[in-house]
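Letter by letter, the chains look like this.
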Amino acid sequence: MSIYPLGLKLAGRRVLVVGGGAVATRRVPALLAAGAVVDIVSPELTPALHGQVDAGRASWTERRFEPADVDGAWLVHVAVDDPAAAEQVSVAAEARRVFCVRADDRDAATAWTPAVTRQGQVTVAVTDGGDRRRAMAVRDLVAHALESSPPAAGEYKGVALVGSGPGDPELITVKGRRLLAAADVVVADRLVPGLLLGDLRPEVEFVDAAKIPYGPAAAQEEINRILVERALEGKFVVRLKGGDPFVFGRGGEEAIACAQAGVPVLVVPGVTSSIAAPALAGIPVTHRGVAHEFTVVSGHIPPDHADSLVDWAALARLRGTLVVLMGLKNLSRIAGRLIAEGRSADTPAAVVQEGSTSHQRSLRSTLGQVADAVAEAGIRPPAVVVIGEVVHAAV
Ligand code: SAH
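All of these numbers come straight from a predicted model, not from anything done at the bench. (Residues numbered from 1 in each chain as written. Predicted model: local features only at pLDDT ≥ 70, side-chain atom pairs only at ≥ 80, totals over all residues. Heavy atoms only, no water.)

1. A few points about the UniProt feature "active site" (unreviewed entry) in the protein
Then, number 1: The sites that UniProt annotates as "active site" (unreviewed entry) are Asp189 and Lys211. Despite a sequence span of 23 residues, these residues sit close together in the fold, their greatest C-alpha distance being 9.1 Å.
Then, number 2: By the secondary structure assignment, Asp189 is in the loop between β9 (185–188) and α6 (194–198).
Then, number 3: Note on Asp189: relative accessible area 22%, which makes it partly exposed.
Then, number 4: Tracing the chain through its elements places Lys211 in the loop between β10 (205–208) and α7 (216–232). (UniProt positions renumbered as here; feature names shortened; annotations may be inferred. Helix = DSSP H or I, 4+ residues; strand = E, 2+ residues; numbered from the N terminus. Buried < 20%, exposed > 50% of the residue type's maximum accessible area, 1.4 Å probe, protein only.)

2. What about the nonpolar core?
Then, number 1: Ranked by size, the top nonpolar core spans 22 residues in total, and within it Leu328, Leu338, Val351, Val374 and Ile387 carry the most contacts.
Then, number 2: For this core, the secondary structure elements donating two or more residues are α10 (312–317), β14 (321–325), α11 (331–340), β15 (348–353), α12 (370–377) and β17 (383–387).
Then, number 3: Residue contributions to this core peak at four residues, all from α11.
Then, number 4: Grouped together as the second largest cluster of nonpolar side chains are 19 residues, Tyr156, Val186, Ala188 and Phe236 included. (Core = buried A, V, L, I, M, F, W, Y, C linked by side-chain atoms within 4.5 Å.)

3. Some words on empty space enclosed by the protein
Then, number 1: One pass over the structure, following the stated rule, counts one cavity of 30 Å³ or more.
Then, number 2: Put simply, the largest cavity is a space of about 60 Å³.
Then, number 3: Around the largest cavity, the lining residues are Arg106, Trp112, Thr113, Pro114, Ala115, Val126, Thr127, Asp128, Asp131, Arg132 and Ala135.
Then, number 4: Residues belonging to the lining of the largest cavity are distributed by class as follows: five nonpolar, two polar and four charged.
Then, number 5: Looking at which domains feed residues into the lining of the largest cavity, each of domain 1 (1–113) and domain 2 (114–149) supplies at least three. (1 Å grid on protein atoms, 1.4 Å probe; cavity = no way out; pocket = protein on both sides within 12 Å on 5 of 7 lines; lining within 4 Å. Points joined across faces, edges and corners; volume = space filled by probe spheres on them. Nonpolar A, V, L, I, M, F, W, Y, C, P; charged D, E, K, R; others polar. Domains from an automatic or database assignment.)

4. Considerations on the sheet that holds strand β5 (residues 99–102)
Then, number 1: Read across the sheet, five strands follow the order β3-β2-β1-β4-β5 without closing on themselves; strand pairing throughout is parallel. Strand pairing shows two members of the sheet lacking a second neighbour, β3 (58–61) and β5, which therefore form its edges. Geometrically, the sheet is characterised by an average inter-axis angle of 20 degrees between neighbouring strands, direction not taken into account.
Then, number 2: In terms of strand pairing, strand β1 (residues 14–18) meets strand β4 (residues 75–78) through four bridges, oriented parallel. Paired with Val17 across the two strands is His77, which belongs to β4.
Then, number 3: In the packing of helix α2 (residues 47–54) onto the sheet, the strands contacted are β2 (37–41) and β3, and the crossing angle to β3 comes to about 115 degrees.
Then, number 4: Packing against the sheet, helix α3 (residues 83–95) makes contact with β1, β4 and β5, and its axis sits at approximately 165 degrees to β5. (Pairing = 2+ DSSP bridges. Axes fitted to C-alpha atoms, helices over the stretch in contact; angles between N-to-C directions. Contact = heavy atoms within 4.5 Å.)

See the structure below:
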């Protein structure tokens with residue numbers, strides 16, 4: 001059978017979905033993303049579809065299908081198991097010359113939904129005469145090829161502040177990876193996974209932010225200057241930062257510098273080490289019946305320092321989880337202060353070094369002993385310290 005491929009503009013157009021089960025649940029989001037006006041006819045809905053209806057994104061007629069439901073629809077999706085019921089919809093659609101997708105029987109359908117991959121402005125749709133698995137396999141191959149192909153000119157501009165995740169190169173987001181592949185200039189931090197940088201096209205300008213001389217303040221100004229300057233030259237700049245760009249990453253300052261220079265900024269959040277490193281050591285930062293809060297704090301300034309913005313006394317009164325980043329150097333002072341302010345020295349504490357990488361190490365101790373334990377074990381930065389009963393909830 002020979003089919004005629006087509007891209008439908010469904011925005012504002014009524015699409016009838018018959019059925020409210022698992023298949024409809026999987027199909028409706030793409031219809032909504034295309035802007036379709038989705039009407040679902042079904043005696044029952046899954047909770048996910050209920051959610052769409054409650055949010056006003058789709059409408060629901062709570063009964064079995066009637067042929068007149070097709071009136072006014074541009075497209076019909078049949079997502080019911082019962083072949084006789086599905087056939088009834090097909091007949092009604094055919095009589096009204098409305099294309100009809102059948103999840104239960106592709107031969108009876110008058111339209112097929114292809115396997116789809118989208119990257120930026122490119123949509124690739126694959127059909128294979130009846131073999132959906134093969135279509136999906138081809139789709140995956142194309143998706144993979146697209147990821148590493150150069151982007152369309154002009155598709156990307158300005159600066160993207162991209163979180164690279166905690167260290168495992170697979171923990172960058174899909175969006176972050178796609179933007180990285182499109183970059184003309186990449187400015188990367190020390191903690192960015194090196195394997196992500198190995199894939200860059202040879203013509204990409206690479207700036208290692210860790211190698212910029214001067215003190216930290218001047219180096220930050222220099223980074224801001226490079227981001228703005230390259231973007232104003234018309235290049236697409238990806239500023240790649242460890243973890244999440246806005247968690248102790250100075251991402252906010254860079255976003256402001258770009259905005260002030262009139263450079264568009266796109267923020268792509270990342271998987272932050274403050275949650276991921278404990279998680280990968282088996283420690284959930286919250287746990288039912290154990291901790292209903294977690295607080296992430298920087299330990300780079302000691303508690304008694306004039307520049308400290310952290311209320312350690314308040315933190316000591318919390319019973320929830322405390323996650324300290326950049327805290328190894330000051331760990332004994334931090335632990336000492338928390339204990340002095342009332343947190344028990346027996347509170348469980350753990351330290352996770354280089355979480356998500358092949359060098360990951362961790363240790364468990366107590367608040368009273370953790371600083372000594374770290375020194376003894378030779379734990380080095382980057383590491384997070386987790387303080388709280390969740391350390392015992394570890395799997
Ligand atoms: N924006 C980053 C944090 C930057 S501050 C994020 O969201 O993860 C740098 C600190 O993060 C390090 O000193 C360390 O405390 C922590 N860190 C970063 N990567 C880490 C990793 N893989 N394992 C443990 N801690 C990590």
